[in-house]
Amino acid sequence: MPDAAIKPELDGVDRRLIVATQAGLPRVSRPYDTLALELGIAPDDVLARLQRMLDSGVIRRIGAVPNHYAIGYTANGMSVWDVDDSRIDELGVQVGALPFVTHCYRRPRRLPDWPYNLFAMVHSQNRAEVAARVAEIAVLLGDACRGHDILYSTAILKKTGLRITG
Amino acid sequence: MRDALVETSALDDIDRKLINALQGDFPLVREPYRQVAETLGLDEAELLRRLDAMLERRVLTRFGPMFQIERAGGAFVLAAMRVPDVDFERVAAQVNAFAEVAHNYRREHALNMWFVLATATPQGIPEAIAAIEAATGLPVFAFPKEREYFVEMKLHA
């Protein structure tokens, strides 16, 4: 992972490149040439700028984003946990390292509506399997956890990704 | 509203191989599709045809760079709302109409609508939240990320 403390320098062309690619890469034989033409720069410059943004973490990766339902992950559980603040960072890293956890974050509680401060996404073929994996997380958290819940998704209402205007 | 469930049996082995390969690092070379196609024993035209078809059918929701917009001065925030069932479709349409809403899921909980806001600047987040609250008449709970312990962007097809 690139160091979070490094603030990458982005110029106006980089920002235009972000706006030009946020909906996706052109699906033509030479997609970076198409972008180069659109931005009025050389194809090698497009490649170099994308590489710099990958190196600095502005781009996590370049590739396909599957609809997880469509590839068989029909049970998508957002497991949420009320974890002792003094232990959450140590335990959050361990939960994130479990092979079936795809995203793991610490977020603020919203009391009294929402007591949970650890979020761990678990994708699976069915809810029984999600529940079994969530039980593993519960064992890992032990008495540092005061309560948890699983929020299953029942519909994707929107999934377009980032759309900034530059 | 888009249906949650997509027919999985419509994917053949080559589609699955392609999804798995394309979640890896897409090459930064002049003819990247041809390079990926060659590693899979496909020709470029076939790969592009399948990629287009999977995007068209929404098996893939996007193909391109995934930005960590915080690193470019922007912000991502997870947010949730408690939407009465009778108003759900109306509110979903209102929320989805905001370009700042990158994705939105219905979930089984009192807080039943969960969406991610993505804005070019951090100030864009409270502005978007205020606008969504005004449009829907419902409070928005914001859950900004305080620490990221792990993110895996790949799912095996």
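Residues numbered from 1 in each chain as written. Chains lettered and ligands numbered in written order. Predicted model: local features only at pLDDT ≥ 70, side-chain atom pairs only at ≥ 80, totals over all residues. Heavy atoms only, no water.

Structural notes on the interface of chain A and chain B
Right, on to step 1. Facing the 83 residues of chain A at the interface are 81 residues of chain B.
Right, on to step 2. For the pair chain A and chain B, the summed buried area comes to about 8000 Å², and 58% of that belongs to carbon and sulfur atoms.
Right, on to step 3. Across the chain A-chain B interface, the total number found is 8 salt bridges.
Right, on to step 4. E108 of chain B is paired through a salt bridge with R127 of chain A; the nearest N and O atoms lie 3.0 Å apart. (Contact = heavy atoms within 4.5 Å. Buried area = accessible area lost by both parts, 1.4 Å probe. Salt bridge = Lys/Arg side-chain N within 4 Å of Asp/Glu carboxyl O.)

Regarding helix α2 (residues 32–40) of chain B
What sets the pattern is the α-helix's 3.6 residues per turn: residues three or four places apart point alike.
Right, on to step 1. Of all the positions in α2 of chain B, only P32, Y33, V36, A37 and L40 of chain B are classed as buried. Seen from one end, α2 of chain B has its buried residues packed into an arc of 135°, which puts them on one side. Summarising the geometry of α2 of chain B, the exposed residues directed more than 90 degrees from the buried face are E38 and T39 of chain B.
Right, on to step 2. Against α2 (31–39) of chain A together with α1 (13–22), α3 (44–56) and β1 (60–67) of chain B lie the buried residues of α2 of chain B.
Right, on to step 3. After α2 of chain B finishes, the residue G41 of chain B shows a positive phi value of roughly 70°. (Buried < 20%, exposed > 50% of the residue type's maximum accessible area, 1.4 Å probe, protein only. Helix = DSSP H or I, 4+ residues; strand = E, 2+ residues; numbered from the N terminus. Arc of directions from axis to C-beta.)

Side note on the confidence of the model for chain A
Residue and element names in this part refer to chain A.
Right, on to step 1. Of the residues in chain A, 95% reach a pLDDT of 70 or more, and the chain-wide mean stands at 93.
Right, on to step 2. Strand β1 (residues 59–66) is the least confidently modelled element of chain A, averaging 93 in pLDDT, while α2 averages 98, the highest of any element.
Right, on to step 3. Confidence drops under a pLDDT of 50 for residues 1–6, and excluding neighbours within four residues, the segment shows 7 contacts in the predicted structure. (pLDDT = per-residue confidence, 0-100.)

Things to note about the pairing of strand β4 (residues 118–124) of chain A
Residues and elements named next belong to chain A.
Right, on to step 1. With 7 of its 7 residues buried, β4 lies for the most part within the structure.
Right, on to step 2. Judged by which residues are buried, β4 turns out to be covered on both faces: L118, A120, V122 and S124 on one side and F119, M121 and H123 on the other are all buried.
Right, on to step 3. As judged from the 7 bridges shared by strand β2 (residues 75–83) and β4, these two strands associate in the antiparallel manner. Residue pairing in the sheet places A75 in a bridge with S124 of β4.
Right, on to step 4. Relative to β4, strand β3 (residues 101–106) runs antiparallel, the two being bridged by 5 bridges. What sits directly across from C104, in β4, is A120. (Pairing = 2+ DSSP bridges.)

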